[in-house]
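# Geometric and topological summary
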Amino acid sequence: MKKGVIKKFSVILNIILLSGILFFFYRYYHTIKSKFFPENLTAIQEAKLKDQNDIATDFYDASNFKIIGQLPNTKNYERLPLSSKNKVRKPVWGLSKNSAGISIRFSSNSSIIKIRWKLKDNRNPSNMTPITAKGLDLYAYNDNDWKFVGVAKPNGTNKNEALVIQGMETINREYLLNLPLYDGIDLLEIGIDKNARISNPKKEIIDTFRPIIFYGTSITQGASASRPGLTYSALIKRRLNKDVINLGFSGNGWFEKEIIEYAMTSNPSLIILDCTPNSSADVIRKNLPKTINYINSIDNKTPIILIESVIRDFAFFKKDDKSIFGTKSFIKEQNKALKETYDNISKTNKNVFYIRSENLIGKDNEATIDGTHFNDLGHYRAYELIKEEIEKITLYSGI
């Protein structure tokens, strides 16, 4: 009888011991899994995001602060005035509602920056990041330079709210907030700590008198930098601390005088015409002389830079035919028409300058996202070449 009891007790003890061992390995497994497996990190990240959203925040309408990168008499965050609606082509008018190149300047001592915004269309272009098309990025002025702070990531709907940064020292900083490149904004708010201050910029930093005008194509509008602050025109704005107005219209940069008529209302210090990739040779010969003549009729001292089209990466492999858009011969005809126009105009106008395409984005075929539109590398290389040309002009024109 005693042996039976002892045996039963031994079995129960072994079961308890085995259960303990199994429980230990179960807990150990989940500890290791939570540490190394990304799917469990999602829950942690969601919890952190909830904590971030619980931070006490006051939101302020961004239109109350300094808006730069816009023509005169335009609505908030749009690029052409209402008066242009029936004077420019319909596609141009539609694209003018994209907020490309428009920025908000403000000062704050907040430890956090949040952005709340409502998109017009919630577009999803296939050849660019959501942050580029419909998100925002933020810079702060530090050590005499604009430093990247973070991004406001869109959530896939028209109404968005994003935490850009938290945990900063509560000292006053000058900020530059760049708006989406391929969507429009109906509402934009900046969120800060409840006890913090926000105001118009306390330091000008970016000179807004006589801005630089960029008029061009989808590349000018921003395709396909990874975020709004990395386009060649945005880089020019920050590095030269000069206001830049982006009049890039995707697929619709045609050297049209009607666009320049509105551009000239800003009294520009420099005009950069980068429409060649969208314009056939015939369109260049027809439109460009009229556009330059109009600029000269308003101010014959305004410097003008003409930029050739790069050879698209895929053009090196396609069957060549100068009648087909995008082939090597077609692009060479575009650039030939541009150069002929430049040669004729420069005989009497010494304020027109020319940038060839050979070294615009390099020769390694690594500077586009899809064979046409510049990636970050392409935009940076173009910025370097354009900036060099601007600095040459500045030496004697004082823009």
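Everything that follows concerns the structure shown earlier in this document.
The paragraphs below set out a description of the structure included in this document. As the structure is a prediction and not an experimental result, all values here were calculated from the model. (Residues numbered from 1 in each chain as written. Predicted model: local features only at pLDDT ≥ 70, side-chain atom pairs only at ≥ 80, totals over all residues. Heavy atoms only, no water.)

## Examining the sheet that holds strand β14 (residues 304-307)
Strand order in the open sheet formed by five strands is β12-β11-β13-β14-β15, and the pairing between neighbours is parallel. In the strand order of this sheet, the two ends are held by β12 (242-248) and β15 (352-355), each with one partner. The sheet shows a mean angle of 20° between the axes of neighbouring strands, direction not considered. As paired elements, β14 and β15 share four bridges and run parallel to each other. Paired with Leu306 across the bridge in β15 is Tyr354. The sheet contacts of helix α8 (residues 281-298) involve β13 (270-274), β14 and β15, and relative to β14 the element is tilted by about 165°. (Pairing = 2+ DSSP bridges. Helix = DSSP H or I, 4+ residues; strand = E, 2+ residues; numbered from the N terminus. Axes fitted to C-alpha atoms, helices over the stretch in contact; angles between N-to-C directions. Contact = heavy atoms within 4.5 Å.)

## A look at the pattern of salt bridges
Under the definition given, this model contains 19 salt bridges. In this structure, the salt-bridge partner of Arg116 is Glu161, at a minimum N-O distance of 3.8 Å. Taken together, the residues Arg116 in strand β4 (residues 113-119) and Glu161 in strand β7 (residues 159-165) connect sequence positions 45 residues apart. The residue Glu261 makes a salt bridge to Lys257 at a minimum N-O spacing of 2.5 Å. One end of the pair is Glu261 and the other is Lys257, both in helix α7 (residues 257-263) and four residues apart, which spans about a single turn. You can call Glu261 partly exposed: its relative accessible area is 27%. (Salt bridge = Lys/Arg side-chain N within 4 Å of Asp/Glu carboxyl O. Buried < 20%, exposed > 50% of the residue type's maximum accessible area, 1.4 Å probe, protein only.)

## Some thoughts on the sheet that holds strand β9 (residues 185-193)
On the basis of which strands lie adjacent, the open sheet formed by four strands has the order β1-β9-β4-β7 and antiparallel pairing. Edge positions in the open sheet fall to β1 (57-61) and β7, since each of these has one partner strand only. Strand-to-strand, the axes of this sheet are offset by a mean angle of 25°, without reference to chain direction. Summarising the sheet, β4 and β7 pair through six bridges and their orientation is antiparallel. Paired with Arg116 across the bridge in β7 is Glu161.

## Regarding the packing of aromatic side chains
Aromatic rings considered in pairs are described by the distance between their centres and by the relative angle of their planes. Counted according to the given criterion, the structure contains nine aromatic pairs. An angle of 40° between the planes, with centres 6.3 Å apart, marks the rings of Phe65 and Phe106 as tilted. Remark: Phe106 occurs in strand β3 (residues 103-108) and Phe65 occurs in the loop between β1 and β2 (66-68); sequence separation between them is 41 residues. Classification of Phe106 by relative accessible area gives buried; the value is 0%. Through a chain of ring-to-ring contacts, the aromatic side chains of Phe65, Phe106 and Tyr175 assemble into a single cluster. Residue placement shows Arg116 over the ring face of Phe59; its charged tip is 3.7 Å from the ring centre. Cation over ring: Arg227 sits above Phe148, and NZ or CZ is 3.5 Å from the ring centre. (Phe/Tyr/Trp six-rings, centres within 6.5 Å; stacked < 30°, edge-to-face > 60°. Lys NZ or Arg CZ within 6 Å of the ring centre and 35° of its normal.)

## Comments concerning unusual backbone geometry
Between Ala223 and the following residue, Ser224, the backbone shows a cis peptide bond with an omega angle of -5°. A positive phi angle, near 65°, is found at Asn73, a position not held by glycine. Position of Asn73 relative to the elements: it lies in the loop between β2 and α3 (90-95). Even without a glycine there, the phi angle at Arg210 is positive, about 55°. Tracing the chain through its elements places Arg210 in strand β11 (residues 207-216). We classify Arg210 as partly exposed; its relative accessible area is 25%.

## Remarks on the environment of Tyr141
Locating Tyr141 in the fold gives a position in strand β5 (residues 136-142). Owing to a relative accessible area of 25%, Tyr141 belongs among the partly exposed residues under this scheme. Between the C-alpha atom of Tyr141 and that of Glu174, which follows or precedes it by 33 residues, the distance is 5.5 Å. Leave out the neighbours within four places in its chain, and Tyr141 touches Trp146, Glu174, Ile205 and Asn241.

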